[in-house]
Amino acid sequence: MALEIIESCVNCYACEPLCPNEAIYQAAPHFLIDPVKCTECIGDFEVAQCASICPIEGAILDELGAELNPPGSLTGISLEMLAKYQAAVEATYQAALEAKSA
Amino acid sequence: MELPVLNAGQQEASQGGCASHSCGSTDDQLSHLPEHIRAKVHNHPCYSEQAHHYFARMHVAVAPACNIQCHYCNRKYDCSNESRPGVVSEVLTPEQAVKKVMAVAANIPQMTVLGIAGPGDPLANPERTFATFRELSERAPDIKLCVSTNGLALPESVEELSKHNIDHVTITINCVDPDVGAKIYPWIFWKNKRIMGREGAAILIEQQQKGLAMLAERGILVKVNSVMIPGVNDEHLAEVSRVVKSKGAFLHNVMPLIAEPEHGTFYGLMGQPGPTHEELQKLQDACSGDMNMMRHCRQCRADAVGMLGEDRGQEFTMDKIEDMEIDYEAAMVKRAEVHAQIARELEIKDQARAAKTELVAIQGLKTDQPATRPVLMAVATKGGGVINEHFGHASEFLIYEASGSGVRFIGHRKTVPYCEGGDTCGDGESALDKTLRELAGCEVVLCSKVGYEPWGPLEAAGIQPNGEHAMEAIEDAVLAVYEEMRVAGKLEARPVVQQKAA
């Protein structure tokens, strides 16, 4: 029974000091949870602390691999809007490439 | 015609000759403040409009964690070409931050201020933030320390802040009404829980106001930053201004929302527009009746280095400073010399201004002149309060308004330097087009030099290029040009200006 931090983590440190079991540690390329130490905060807090402060949707999974903060739950940004974001980033990137080669 | 130079937003002084609280130029924005406050801010570029022409600041990004979410923020995104709060290239440990600060202080002696502003919330990272402050207050006592916060953890941090001799705190307060807050803050982290929507916003507002009052009680200077979000809090910010002033904030900085889809923020993706230059100025003017307003903020990155409006962060990346040997004792001597020289320069300016004020007081204002309309002028400057930048090299222009009652500083407009036009992020608009669009509403652009090529398009857009006042003091030059326009009969009525459509 343990939570997991995955690659979308942006290394903001917010979760690390909150863990009652000191199960979270800095690693490359992102923070990790020691599954042996993690108790999902049961007995300490009503809700898992790391998942309660994490600003990145989908970055923390429960023991079944489900996202504790699914898309849209924190930012209000829907999947549809997210697709728009990815298109905008791609467009900016392509434009920068073109400007460089011009 | 002798024109007095007036304080921002306080044109009533023109009627009485010289109202004691407001006479002087925009340089003298702080003239009505008590002496001990002026002494604290005179060399702080983020608190004093005058100081920002002479002194530099830096931020160290030691505070990545945040305890709230704002709809205009997305800390996932970093672009070295982008300048906005919350954006950094590398997060530093306190040890690295101290090294970087000392390296910058030794190399840029005008750097007087070190701020911690993120990229998260400094007070949500108390250990990292205070370790940096502790070390710096011992090793670099000639640097002012300040911090910028969303205010949620402020009340519990006030004691620690006052210990480190931090006498400048900026709180970002976008609202004092939880219903407005619910549209800006989707959640906060509070007492071991994530609290969504209005309930979270209400707690945040309460903590901000409590923290503000506690700081004011201890004599710590508080500036309030507000992001102007049209349709969300624009009509509410005048109220915010009144409330924070009554709680003891001494300066209010209303900043325009920055939101683009490629930032990946909620507002960016929703297409939430930021205010136009005119809307921003109108709100700032509306607030200025109640509050001392700041208009020179550049909304810099959480790792910015240099004068406001410039970012020399790339010269001081960790890999570059690791090898630098810093003799801080020697650097402090050099820094003291540079600061003294700036102080002398400012003293001469102050004397000149006082003399001018006295002259106006003796002669009175000539009221037989027909009323003249106000004119906006753009100025290219590298600092020092003088016109010393080429048109083509300017990445921003300062905007001044000249009118029958004097000159006041309005704000700045960022652009892409014309001479580096090919190197932009490619949005299909040339650098000159962008500059013309940004300078809409201005009738003159003052710079040390302007090339033949942009001259025509500028004139066609109703913006007269002017390179005749190179190295002159900005306000003197603006007044001189305004007087020339008056003599030429250009100030009687609104001209039919062929501004390029935005």
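Everything that follows concerns the structure shown earlier in this document.
Summarised in this report is the structure supplied together with it. (Residues numbered from 1 in each chain as written. Chains lettered and ligands numbered in written order. Predicted model: local features only at pLDDT ≥ 70, side-chain atom pairs only at ≥ 80, totals over all residues. Heavy atoms only, no water.)

As for a negative patch on the surface
Part 1 of the argument: There is a patch of like negative charges on the surface, built from E90, D319, E322 and D323 of chain B.
Part 2 of the argument: Tracing the backbone shows D319 of chain B in helix α10 (residues 318-321). (Patch = residues over 30% accessible without salt bridge, like charges linked within 9 Å, V, L, I, M, F, W, Y side chains within 5 Å. Areas by Shrake-Rupley, 256 points an atom, 1.4 Å probe, with all protein chains shown as cover. Salt bridge = Lys/Arg side-chain N within 4 Å of Asp/Glu carboxyl O. Lys, Arg positive; Asp, Glu negative; His and termini not counted. Charge placed at Lys NZ, Arg CZ, Asp CG, Glu CD. Helix = DSSP H or I, 4+ residues; strand = E, 2+ residues; numbered from the N terminus.)

Side note on the nonpolar core
Considering soluble globular proteins, one finds that nonpolar side chains tend to be buried as a cluster.
All names here are of chain B.
Part 1 of the argument: Within the largest apolar cluster, 57 residues are counted, with the highest numbers of intra-cluster contacts made by V60, M111, L114, I143 and L215.
Part 2 of the argument: If one sorts the elements of this core by residue count, helix α2 (residues 94-107) sits on top with 7 residues.
Part 3 of the argument: Setting aside residues no more than four positions away along its own chain, L215 makes contact with L154, V158, L161, V169, I171, I220 and V222. (Core = buried A, V, L, I, M, F, W, Y, C linked by side-chain atoms within 4.5 Å. Buried < 20%, exposed > 50% of the residue type's maximum accessible area, 1.4 Å probe, protein only. Contact = heavy atoms within 4.5 Å.)

Topic: the interface of chain B and chain A
Part 1 of the argument: Across the boundary between the two partners, chain B contributes 31 residues, which contact 31 residues of chain A.
Part 2 of the argument: Our enumeration of links across chain B and chain A arrives at 1 salt bridge.
Part 3 of the argument: One salt bridge in this structure joins K193 of chain B and E46 of chain A, with 3.5 Å as the shortest N-O distance.
Part 4 of the argument: Applying the counting criterion to the chain B and chain A interface returns 7 residue pairs in polar contact (both at pLDDT 80 or more). (Polar contact = N/O pair within 3.5 Å; in protein donor to acceptor, adjacent residues only side chain to side chain.)

Observations regarding the packing of aromatic side chains
Part 1 of the argument: For the coordinates displayed, the defined rule picks out 5 aromatic pairs over all chains.
Part 2 of the argument: Residues Y400 of chain B and F409 of chain B carry aromatic rings whose centres are separated by 5.3 Å and whose planes lie at 65° to one another, so their mutual orientation is edge-to-face. In terms of burial, Y400 of chain B and F409 of chain B fall into one category: buried.
Part 3 of the argument: Stacked on the ring of Y13 of chain A, the Lys or Arg R128 of chain B has its end atom at 4.1 Å from the ring centre.
Part 4 of the argument: Of note, R194 of chain B hangs over the ring of W187 of chain B, and the distance from its end group to the ring centre comes to 4.4 Å. (Phe/Tyr/Trp six-rings, centres within 6.5 Å; stacked < 30°, edge-to-face > 60°. Lys NZ or Arg CZ within 6 Å of the ring centre and 35° of its normal.)

Considerations on the sheet that holds strand β4 (residues 144-149) of chain B
Residue and element names in this part refer to chain B.
Part 1 of the argument: Across the sheet, which stays open at both edges, the 7 strands sit in the order β9-β8-β5-β4-β3-β1-β10 with mixed pairing between neighbours. Both edges of this open sheet fall to β9 (251-256) and β10 (305-307), since each of them pairs with a single strand only. For this sheet, the mean angle separating the axes of adjacent strands, direction not counted, is 25°.
Part 2 of the argument: Strands in contact with helix α6 (residues 197-217) are β5 (168-172) and β8 (221-228); relative to β5, the strand with the most contacts, it is inclined by about 160°. (Pairing = 2+ DSSP bridges. Axes fitted to C-alpha atoms, helices over the stretch in contact; angles between N-to-C directions.)

Here's the deal with the pairing of β5 of chain B
Residue and element names in this part refer to chain B.
Part 1 of the argument: Across the 5 residues that make up β5, a large majority, 5, are buried.
Part 2 of the argument: Burial along β5 is two-sided: the face carrying H168, T170 and T172 and the face carrying V169 and I171 are both buried.
Part 3 of the argument: Taken together, β4, helix α4 (residues 154-163) and β5 constitute a β-α-β crossover, and its handedness is right-handed.
Part 4 of the argument: Where β5 and β8 come together, 5 bridges link them in parallel fashion. Among the inter-strand pairings, H168 is bridged to a residue of β8, identified as L221. (Right-handed = clockwise from strand over helix to strand, strands pointing away.)

Quick look at the sheet that holds strand β7 (residues 193-196) of chain B
What links the strands of a sheet is backbone hydrogen bonding, and the strands pair in either a parallel or an antiparallel sense.
Residues and elements named next belong to chain B.
Part 1 of the argument: A sheet is described by the order of its strands in space; here 3 strands give the open sequence β2-β6-β7, paired in antiparallel fashion. At either end of the open sheet lies a strand with only one pairing partner, and these are β2 (68-69) and β7.
Part 2 of the argument: Note that strand β6 (residues 187-190) and β7 share 4 bridges and pair antiparallel. Along β7, the bridge assignment pairs F189 with R194.
Part 3 of the argument: In the packing of α6 onto the sheet, contacts are made with β2, β6 and β7, and the angle to β7 comes to roughly 105°.

Some details on the environment of V47 of chain A
Part 1 of the argument: Within the secondary structure layout, V47 of chain A lies in the loop between β3 (32-33) and α1 (49-53).
Part 2 of the argument: The exposure class assigned to V47 of chain A is partly exposed, which follows from its relative accessible area of 34%.
Part 3 of the argument: Not counting chain neighbours up to four residues away, the residues in contact with V47 of chain A comprise C41 and S52 of chain A together with N192 and K193 of chain B.

Quick word on the pattern of salt bridges
All names here are of chain B.
Part 1 of the argument: Evaluation of the coordinates by the stated rule reveals 14 salt bridges over all chains.
Part 2 of the argument: Put simply, R373 and E443 hold a salt bridge, and the shortest N to O gap is 2.8 Å. Residue R373 is found in the loop between α11 (328-363) and β11 (375-379), and its partner E443 is found in strand β14 (residues 442-446); the two are separated by 70 residues along the sequence.
Part 3 of the argument: By relative accessible area, which is 7% here, R373 ends up buried.
Part 4 of the argument: Note on E443: relative accessible area 11%, which makes it buried.
Part 5 of the argument: Between E483 and R486 there is a salt bridge, with its nearest N and O atoms 2.9 Å apart. Of this pair, E483 and R486 are both found in helix α14 (residues 474-487), 3 residues apart, which corresponds to roughly one turn of the helix.
Part 6 of the argument: What makes E483 buried here is its relative accessible area of 19%.
Part 7 of the argument: Each of D285, R295, E401 and R408 takes part in one network of salt bridges that share partners.

A closer look at the environment of M1 of chain A
All names here are of chain A.
Part 1 of the argument: Checked against the element boundaries, M1 lands in the segment before β1 (4-5).
Part 2 of the argument: Classification of M1 by relative accessible area gives exposed; the value is 59%.
Part 3 of the argument: Linking M1 and K37, residues 36 residues apart in sequence, is a C-alpha distance of 9.6 Å.
Part 4 of the argument: Ignoring anything within four residues of it in the chain, the contact list for M1 reads P35, C38, T39, E40, I42 and E63.

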